[in-house]
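# Descriptive analysis of the structure
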Amino acid sequence: WKGVDPTPTYAPMNAAAQHSIFGGASPRPFSAAVSCPARARVISASYQNKENIDLSRVPQYKQHESDSGSTPFQVAILTARVEQISKHLATNRKDHAAKRGLVAILSQRKSLLQYLHREDRSHYDRLIREFGIRPVVVNDTRGASRDKNSML
């Protein structure tokens, strides 16, 4: 709303419309439309500009130069985003929209990790170990995927 004139704008009305509404001529004809800026959906300006997010560990998970969609790469990006939002929530405890976004990101990361656990256990174990993520596999109550070397 910064820089927006708070006075409403009035659309011109013809004389017949003024007469029927006001019972005569009106010095200030009005319209139902008041100029208000359209609300744009902003995800997070700092995330879009990569200002507060640490992406230093992400490139090592690329499987090729133009990789943008492999599962380990997506998990790495989501983990960096989780760290950014967690840091934000440490100072802004009542930011419920950020909490909701964090839950959505954690859910997406959990789904990707479950897929990795099924399809490529070595990548799953590497990501869990390097990022310090708790195992998210549904039936992994005893931590079998967390520590394979202890069973040897």
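Residues numbered from 1 in each chain as written. Predicted model: local features only at pLDDT ≥ 70, side-chain atom pairs only at ≥ 80, totals over all residues. Heavy atoms only, no water.

## Here we look at the overall build of the protein
Filter applied, for reference: Note on conventions: DSSP H or I runs of at least 4 residues are helices, E runs of at least 2 residues are strands, and numbering of each starts at the N terminus. Think of it in three bands: residues with accessible area under 20% of the maximum for their type are buried, residues over 50% are exposed, and the middle band is partly exposed, with areas taken using a 1.4 Å probe on protein chains only. Residue contacts follow a heavy-atom distance rule, with two residues in contact if any of their heavy atoms lie within 4.5 Å. Only the protein chains shown count as cover for residues, with accessible areas throughout obtained via the Shrake-Rupley method and a probe of 1.4 Å.
Counting its regular elements, the protein contains 5 helices and 0 strands. Of the regular secondary structure in the protein, the N- to C-terminal order runs α-α-α-α-α. Taking all 152 residues of the protein together, 28% fall into the buried category. Considering only contacts in the protein between residues 6 or more positions apart, those separated by 24 or more positions represent 47%. Element-wise, carbon and sulfur atoms account for 53% of the exposed surface of the protein, whose accessible area totals about 11300 Å².

## Focus on the side chain of T79
Quick reminder of the rule: We define a polar contact as two N or O atoms separated by no more than 3.5 Å, with the added condition that, inside protein, one atom must be a possible hydrogen donor and the other a possible acceptor, whereas residues neighbouring each other in sequence contribute only through side-chain atom pairs.
Topologically, T79 is positioned in helix α3 (residues 71–91). Assessed through its relative accessible area of 3%, T79 is described here as buried. Side chain to side chain, T79 and R109 meet in a polar contact 3.3 Å long. Discounting residues that sit within four places of it in the chain, T79 has contacts with R109, F131 and I133.

## Regarding the environment of S86
Locating S86 in the fold gives a position in helix α3. Along the chain, S86 and A98 lie 12 residues apart, while their C-alpha atoms are 9.0 Å from each other. A distance of 2.8 Å separates a polar atom in the side chain of S86 from the backbone oxygen of V82.

## Considering the side chain of S70
If you trace the backbone, S70 turns up in the loop between α2 (45–48) and α3. Only 2.6 Å separates the side chain of S70 from the side chain of D67, close enough to count as a polar contact. Excluding anything up to four places from it in sequence, S70 contacts Y61 and Q63.

## A short note on the pattern of salt bridges
Inclusion rule: What counts as a salt bridge is simple: a side-chain nitrogen of Lys or Arg found within 4 Å of a carboxyl oxygen of Asp or Glu.
What the rule picks out here adds up to 2 salt bridges. Among the ionic pairs, R57 bridges to E83, the shortest N-O distance being 3.2 Å. With R57 in the loop between α2 and α3 and E83 in helix α3, this residue pair connects regions lying 26 residues apart in the sequence. Across the salt bridge formed by E130 and R126, the nearest N and O atoms sit 3.3 Å from each other. Placement of the pair is E130 and R126 together in helix α5 (residues 121–131), with a separation of 4 residues, close to one helical turn. Judged by its relative accessible area of 27%, R126 is partly exposed.

## Considering helix α4 (residues 96–119)
Helical geometry note: an α-helix holds 3.6 residues per turn, so side chains three or four residues apart project in the same direction. Our working definition: By this rule, a helix spans an expected 1.5 Å times one less than how many residues it contains.
For α4, spanning 24 residues, the distance from its first C-alpha to its last is 35 Å, which sits close to the expected 34 Å at 1.5 Å a residue. Buried residues along α4 sit against α3 and α5.

## Describing the confidence of the model for the protein
What counts, and what does not: pLDDT gives the predictor's per-residue confidence on a scale running from 0 to 100.
Of the residues in the protein, 57% reach a pLDDT of 70 or more, and the chain-wide mean stands at 75. Here α2 stands out as the least confident element of the protein, with mean pLDDT 53; α4 is the most confident, with 93. Across residues 30–34 the pLDDT falls below 50, and counting only partners more than four positions away or on other chains, this stretch makes 7 contacts in the model. A low-confidence stretch, residues 38–44 stays under pLDDT 50, and its non-local contacts, those more than four residues away or across chains, total 4 contacts.

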